[in-house]
Amino acid sequence: MRRTFGRLGVTAAVALLAPLVLSAAPAARGAAPAAPAAAVPLDQLTVTTTQVASGLRRPTAIVAPDDGSRRLLITEKAGTVRTYHPESGLAADTLLDLTDRVDTSGNERGLLGIATSPRFAQTRALYVAYTALPDGRVTLSRFRLDRADQTPVPPAREEILLTQPHAEYPNHNGGQLAFGPDGYLYWSLGDGGGADDVLNTGQNLGTLLGKILRLDVGCAGRPYCVPADNPFVGTAGARPEIWAYGLRNPWKFSFDPQDGSLWIADVGQGTYEEVDHLARGRAGANLGWSCREGPQVFNPDRCVPGAQYVEAVFSYRTSTDGCAVIGGHVYRGRQFADLAAGTYLATDYCSGTAFAIRPASGGGYATRPLGELTIQPTTLGVDADGEFYLANDLPGQLHRISFGTTAPAATCAVTYKVDSQWGTGFTATVTVTNTGSQPVNGWTVGWTFPGPQRASNWWNAVGSQQGAAVTARNANWNATIAPGGSVSFGFLGTPGGAQPAPTTFTLNGAACR
Ligand SMILES: [Ca+2]
């Protein structure tokens, strides 16, 4: 019988046996500072997928080296790494083959995670996380390459950096790898598997199971070093590698490249799937398992008196709205910046639902399901330009993700004019004309810079910029634009020299066409 891979620790039997505990334990907010809203509200945001490759064999993770190659490296459960390029497609040759050492038993063991060192063209280090033969030990390894584009990577190059025994149960191996904004390597490990946190690891700081680790893999002479500011350095009985704890199976986590915050998607047992959000530098967070699952107490016997549990920022019902959350990324690309900048996108292995989450300007989070992506997604990925991809399990497809909007076209025309330009900067004037028959009362004009422009020192508008996405709001004296009327505003920009001008604009979230 063919079994599916992506239940990721959620079994029907477990769902039926999950205790119904409804009392609440103390919970602390894990929220990061709210990001400015993107131009399109979540209820007008749409998402679609376009298949760009097929023939993957149970893909598990996607990473894009920052070497200008435009490649995606994709791990497969059996122990292989494949290469995709947007022009040449999925390469027939395997980049790295570790099938002789990867334990693929059960649904959840295999080659699970991959990361490339920052400034990959110079540093050329490839990191992988997998379950190792013969007993499923979770393993972090490094491969140093001779050249960034070296193909294949010799398996004999392997340097094993850190291992954690994981023999009792084949499920809950975590496996995500990512470099943080601090240059350290983060690695997620599941709680050791079985069910109910039977090994009691989630709240136990003496084990690496049920944790996210933070490692300095750049120190000389040792496989890795523990950063001196890790939260449990010097705590008796605690493993100093731990960065965050109280996790069940953090299959995916990611960092927002703009604010450095950490988004964790923790697969639930039988009741709730959850997404957690930690501000940059938030050390030692306790995400709750197995005292808590999502917004509820799971097992009161595991609750530690006085403990502060970080509350999930989003949760949904296991077996109603899906079965296993597949964490994703915050959109910081250019192509859809005016629609989706600052939006975290996650999905679910069983339902394929696209869950959009966005920090709200007044605090809290706006969340909305945006429809269905594909069946059996196992990983979302982001290319070097910040654009999104998805790979799915048994179909073995790679999809590109696009955003759109249901917002009606606005009745507006916008001109963008560079007035003057010198060695280090420029000034520009933007003129908005109301081409409709109704007055506009209060306006927000949005666009995305196609180049490296940064805007500041605004006049006749209140401007802000997030990545390449720019938002300009009316000043208090020019909020109304009569039918046929115009307003002009401007700013001081950098850098100097000729830059491509923005070509599409929005007025109050709707495109000017
Ligand atoms: Ca939790």
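Preceding this paragraph is the structure being described.
Just so you know, these numbers come straight off a predicted model, no measurement behind them. (Residues numbered from 1 in each chain as written. Predicted model: local features only at pLDDT ≥ 70, side-chain atom pairs only at ≥ 80, totals over all residues.)

**A closer look at the overall build of the protein chain**
- For the protein chain, the count of helices and strands is three helices and 41 strands.
- Over its C-alpha atoms the protein chain spans a radius of gyration of 24 Å, differing by no more than 12% from the 24 Å that the globule rule assigns to 513 residues.
- Seen through its principal axes, the protein chain has C-alpha atoms that stretch 75 × 55 × 50 Å.
- For the protein chain, the proportion of contacts with a sequence separation of at least 24, taken over those separated by at least 6, is 64%. (Helix = DSSP H or I, 4+ residues; strand = E, 2+ residues; numbered from the N terminus. Rg over C-alpha atoms; globule rule 2.2 N^0.38 Å. Contact = placed C-beta atoms within 7 Å.)

**Regarding unusual backbone geometry**
- Following L133, the chain continues to P134 via a peptide bond in cis, the omega torsion being 5 degrees.
- In this fold, P134 is placed in the loop between β9 (125-132) and β10 (137-144).
- A cis amide bond, omega -5 degrees, links T151 with the succeeding residue P152.
- Although it is not a glycine, D196 adopts a positive phi angle of roughly 60 degrees.
- Along the chain, D196 turns up in the loop between β13 (185-189) and β14 (211-215).

**A few points about the environment of T471**
- The topology assignment puts T471 in strand β37 (residues 469-474).
- Classification of T471 as buried rests on a count of 22 C-beta atoms within 10 Å.
- Between the C-alpha atoms of T471 and G446, which are 25 residues apart in sequence, the distance is 4.6 Å. (Buried ≥ 20, exposed ≤ 12 C-beta atoms within 10 Å, placed from the backbone.)

**Some thoughts on the environment of P240**
- Within the secondary structure, P240 sits in the loop between β14 and β15 (242-245).
- Sequence separation between P240 and D229 is 11 residues, and the spatial gap between their C-alpha atoms is 9.6 Å.
- Ignoring any residue separated from it by four or fewer positions in sequence, one finds P240 in contact with V226, N230, F232 and V233.

**Looking at the sheet that holds strand β34 (residues 444-448)**
- Here five strands make up an open sheet; going across it, the order is β36-β37-β34-β40-β41 and the pairing antiparallel. Every other strand in the sheet has two partners, leaving β36 (461-466) and β41 (510-511) as the edge strands with one partner each. (Pairing = 2+ DSSP bridges.)

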